[in-house]
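# Survey of secondary and tertiary structure
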Amino acid sequence: MTKRFEGKVAIVTGGSLGIGRSCVRQLAAEGATVIACARRKPKLDELVESIAAEGGVCKGVELDVNDLDGFAALINDTFEEFGRLDVLVNNAPSVKGGMVVDMNIDDWRSNFTASVDSVFVGCREAMRLMQKQGSGSIINVSSVSSLRAGMAAGAYSASKAAVNQFTACAAMEAAPYNVRLNVVAPGSTMTPGMEAATRKDTVLQDAVAGSIPMHRHGSSEEMSEAICFLASDQ
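Description of the structure in this document. (Residues numbered from 1 in each chain as written. Predicted model: local features only at pLDDT ≥ 70, side-chain atom pairs only at ≥ 80, totals over all residues. Heavy atoms only, no water.)

Here we take up the side chain of Glu-125. Within the secondary structure, Glu-125 sits in helix 4 (residues 105-133). Note on Glu-125: relative accessible area 7%, which makes it buried. Looking at Glu-125, its side chain comes within polar contact range of the side chain of Arg-124, at 2.8 Å. If we skip the residues at most four places from it in the chain, Glu-125 touches Ala-72, Ile-75 and Asn-76. (Helix = DSSP H or I, 4+ residues; strand = E, 2+ residues; numbered from the N terminus. Buried < 20%, exposed > 50% of the residue type's maximum accessible area, 1.4 Å probe, protein only. Polar contact = N/O pair within 3.5 Å; in protein donor to acceptor, adjacent residues only side chain to side chain. Contact = heavy atoms within 4.5 Å.)

Written out as C-alpha cells, the structure reads:
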C-alpha cells in the first residue's frame, strides 16, 4: 500500500464504526497519525490496538461531537500535540427519522446539532489552523438523502443538504490558503447501523438494494477510498 499520508495528522469523527472506522484504518495504513473520536470507548480501544498491531499509529478519544466545546478543544489540542493538522473527516452520524407531523422539535434539532453544528465547529477550528499552516483537507460526510426526497427523512435530509451548501461556501473561503473542503454523499452503505436496521426486514433490505443500479449496498471501504482520495495530495 502507498504511503500517501506519511508524516500527516488526521482526525476522524465517528471513527469507531462503519465509514469512519474504515477511514481511520486506511489513513493509518497509509502512514498518517490518526485521532479517532467516537462515543464507543470499547470499540475505539479495540480499533487502536488492532492498528498498533499492524504497525500504524492511532489515538482514540471518547467524544460526542454534540459537545461542541469538547470537539473544538480536541482539534486544537491535536494541533498543539503534533504541531500540524492535515486532514479532518467530519463523519459522526446522527439519524433521527420521523414523519413531519409526528416529529417534535427536539428530534428535528438533534439532526442539525450533530450534522450541521458539529461540522461548522469542526471546519471553523480546522480552517483557522490549516489556513495558517498553508495546507489541509476537510471532508464532510453528507448523504444522498441531501439530494433527493424520502419518506420520514425530512430532518435528516434537510440537515445533510445544509452540510453540502455550507461546505461549498467554506471551500471558497479556504481556497486562497491552499485548504480544500469537499463533501462525500454516500448512498446506501452496509454499515453496522444499516445492518441492524434491516437485519429483520429482508423486504426492506432487498428494496433498498434493488433501487441501486448495481443491486447492492455500498461498503464502508468503498466510501473511505473516496474520502481518502480527497484527503490526499492527489
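Another aspect to go through is the nonpolar core. Of all hydrophobic cores here, the largest spans 29 residues; its most connected members are Phe-71, Leu-74, Ile-138 and Leu-181. Looking at this core, the elements that each hand over two or more residues are strand 1 (9-13), strand 2 (33-38), helix 3 (68-82), helix 4, helix 5 (154-174) and strand 6 (179-184). Looking at this core element by element, the count peaks at 8 residues for helix 4. Excluding anything up to four places from it in sequence, Ile-138 contacts Leu-88, Asn-90, Cys-123, Ala-126, Met-127, Met-130, Arg-180, Leu-181 and Asn-182. Ranked by size, the runner-up nonpolar core spans 25 residues in total, among them Phe-5, Val-34, Leu-44 and Cys-58. (Core = buried A, V, L, I, M, F, W, Y, C linked by side-chain atoms within 4.5 Å.)

Whenever strands of a sheet pair, they do so through backbone hydrogen bonds, lying parallel or antiparallel. Taking strand neighbours across the sheet as the criterion, the 6 strands line up as 3-2-1-4-5-6 in an open arrangement whose pairing is parallel. On the outer flanks of this sheet lie strand 3 (57-62) and strand 6, each paired with one strand and no other. Strand-to-strand, the axes of this sheet are offset by a mean angle of 15°, without reference to chain direction. Helix 2 (residues 41-53) contacts strand 2 and strand 3 of the sheet and is inclined by roughly 170° relative to strand 3. Where helix 3 meets the sheet, its contacts fall on strand 1, strand 2, strand 3 and strand 4 (87-90), and the angle it forms with strand 1 comes to roughly 160°. (Pairing = 2+ DSSP bridges. Axes fitted to C-alpha atoms, helices over the stretch in contact; angles between N-to-C directions.)

Taken together, the side chains of Met-99, Val-101 and Met-151 define a hydrophobic patch exposed on the protein surface, amounting to about 370 Å² of accessible area. As for its placement among the helices and strands, Met-151 is situated in the loop between strand 5 (136-141) and helix 5. Assessed through its relative accessible area of 71%, Met-151 is described here as exposed. (Patch = residues over 30% accessible without salt bridge, like charges linked within 9 Å, V, L, I, M, F, W, Y side chains within 5 Å. Areas by Shrake-Rupley, 256 points an atom, 1.4 Å probe, with all protein chains shown as cover. Salt bridge = Lys/Arg side-chain N within 4 Å of Asp/Glu carboxyl O.)

With respect to the element layout, Gly-154 can be found in helix 5. Take Gly-154: its relative accessible area is 34%, and that puts it in the partly exposed class. Expressed as a C-alpha distance, the spacing of Gly-154 and Gly-98, which sit 56 residues apart in the sequence, is 7.6 Å.

Here we take up unusual backbone geometry. Even without being a glycine, Ala-152 presents a positive backbone phi close to 60°. Its place among the elements puts Ala-152 in the loop between strand 5 and helix 5. With a phi angle near 65°, Asn-178 is a residue other than glycine that sits in the positive phi range. The topology assignment puts Asn-178 in the loop between helix 5 and strand 6.

Another aspect to go through is helix 4. In this model helix 4 runs 40 Å from its N-terminal to its C-terminal C-alpha over 29 residues, within 8% of the 42 Å that 1.5 Å per residue would give. Taken as a whole, helix 4 carries its principal kink of about 40° at Thr-113. Positive phi shows up at Gly-134, right after helix 4, with a value of about 85°. (Expected span 1.5 Å × (residues − 1). Bend = angle between axes of the 7 residues up to and from the residue.)

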